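So you can see what is in the structure, the chains are spelled out below.
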Amino acid sequence: MRLNLKPGPAEYVLIPATDESEAVTISALPALTEVFEEAKGDDAMFAYANEQRDALSGGDDSDDRPMTAADIRIRGRFGVMMAKAVARQVIVGWSGVEDEDGKPAPVTPDRIEAFIDLPPIYEAFAEVYLGRWLTLQAEKKGSAPSPDGTSAGVRNTARRARPVAKNARDK
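No experiment lies behind these values; they were computed from the predicted model shown.

Participant: I'd like to hear about the layout of surface pockets, residue by residue, with values.
Facilitator: Rolled over the atoms, a probe with the dimensions of a water molecule shows which regions are left empty. As a volume, the second largest pocket reaches approximately 190 Å³. Lining the second largest pocket are 14 residues; nearest its centre among them are Val97, Glu98, Arg111, Ala114 and Phe115. In terms of residue count, the dominant contributor to the lining of the second largest pocket is helix H4 (residues 109-116) (four residues).

And the structure:
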């Protein structure tokens, strides 16, 4: 992990260029801890959480209740709202984004919302931008995923048990 003491915006290609269209890129500040914490307290996210609290729990406090399609939609919506809250804080520029008249669209909070509302953009932002920062968060906590499972690359420290153990009652 490289520690950058002067973090500034970086370019991220969300949609690569094709023969028919230019690439869609964003210039975004790093998603540091402060950004994620601020996003958690975003007014829109907080209001949505309050509206959906009862719907998510189904009106009861039972954890034994099976998950419903409504629960999955609500949780998915939280992901979209978190992406929007982070995007509003970090996106400082973009290219390949046009307004209604076909001119380069200025970066504004309402345009960022509309931008993230586009499914391919949301997916790319989550994978290319958020994925990078969330992976760093996991590595920072010492819990980076092992390539072959949780024991991959770890030396066995226990001795092998005897092949057959006597039953306690037979002693």
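Participant: Account for the pattern of salt bridges, with residues named and values stated.
Facilitator: Enumeration according to the criterion identifies five salt bridges in this entry. Note that Glu37 and Lys40 form a salt bridge whose closest N and O atoms lie 2.9 Å from each other. Remark: Lys40 and Glu37 occur in helix H1 (residues 33-40); sequence separation between them is three residues, near one turn of the helix. Owing to a relative accessible area of 48%, Lys40 belongs among the partly exposed residues under this scheme.

Participant: Could you give me a rundown of the packing of aromatic side chains, with the residues and numbers involved?
Facilitator: Under the definition given, this model contains three aromatic pairs. Between Trp94 and Phe115, the aromatic rings sit 4.8 Å apart at their centres with planes inclined by 50°, giving tilted as the arrangement. Residue Trp94 is located in strand S3 (residues 91-95), and its partner Phe115 is located in helix H4; the two are separated by 21 residues in the primary sequence. Looking at Trp94, the relative accessible area reads 14%, which means it is buried. Residue Phe115 is classed as buried on the basis of its relative accessible area, which comes to 5%. Geometrically, the ring pair formed by Phe125 and Tyr129 is stacked, given 5.1 Å between the ring centres and 15° between the ring planes.

Participant: Account for the side chain of Thr25, with residues named and values stated.
Facilitator: Mapped onto the fold, Thr25 is located in strand S2 (residues 24-28). We classify Thr25 as buried; its relative accessible area is 12%. Side-chain polar atoms of Thr25 contact the side chain of Ser95, separated by 2.5 Å. Excluding residues within four positions of it along the chain, Thr25 makes contact with Glu11, Tyr12, Val13, Leu14, Gly93, Trp94 and Ser95.

Participant: Run through the side chain of Asp42, naming residues and quoting values.
Facilitator: Structurally, the position occupied by Asp42 is in the loop between H1 and helix H2 (43-57). For Asp42, a relative accessible area of 17% puts it in the buried group. Setting aside residues up to four positions removed in sequence, Asp42 forms contacts with Ala85 and Arg88.

Participant: Let's hear about the environment of Asp117: which residues, and what values?
Facilitator: Inspection of the secondary structure assignment puts Asp117 in the loop between H4 and helix H5 (119-140). Distance from Asp117 to Lys84, taken between C-alpha atoms, is 8.4 Å for residues 33 residues apart in sequence. Side-chain polar atoms of Asp117 contact the side chain of Lys84, separated by 2.7 Å.

Participant: Explain the nonpolar core to me, using residue names and the numbers behind them.
Facilitator: Core analysis: the biggest nonpolar cluster contains 33 residues, and Ile26, Val86, Ile91, Phe115, Ile116, Phe125 and Tyr129 have the highest contact counts within it. Mapped by element, the contributors of at least two residues to this core are strand S1 (10-15), S2, H1, H2, helix H3 (69-90), S3, H4 and H5. Looking at which element gives the most residues to this core, the answer is H3, with eight residues. Setting aside anything within four residues of it in sequence, one finds Ile116 in contact with Ala83, Lys84, Ala87, Ile121, Tyr122 and Phe125.

What counts and what doesn't
- Residues numbered from 1 in each chain as written.
- Predicted model: local features only at pLDDT ≥ 70, side-chain atom pairs only at ≥ 80, totals over all residues.
- Heavy atoms only, no water.
- 1 Å grid on protein atoms, 1.4 Å probe; cavity = no way out; pocket = protein on both sides within 12 Å on 5 of 7 lines; lining within 4 Å.
- Points joined across faces, edges and corners; volume = space filled by probe spheres on them.
- Helix = DSSP H or I, 4+ residues; strand = E, 2+ residues; numbered from the N terminus.
- Salt bridge = Lys/Arg side-chain N within 4 Å of Asp/Glu carboxyl O.
- Buried < 20%, exposed > 50% of the residue type's maximum accessible area, 1.4 Å probe, protein only.
- Phe/Tyr/Trp six-rings, centres within 6.5 Å; stacked < 30°, edge-to-face > 60°.
- Polar contact = N/O pair within 3.5 Å; in protein donor to acceptor, adjacent residues only side chain to side chain.
- Contact = heavy atoms within 4.5 Å.
- Core = buried A, V, L, I, M, F, W, Y, C linked by side-chain atoms within 4.5 Å.

What is shown is where atoms sit, not what they do.
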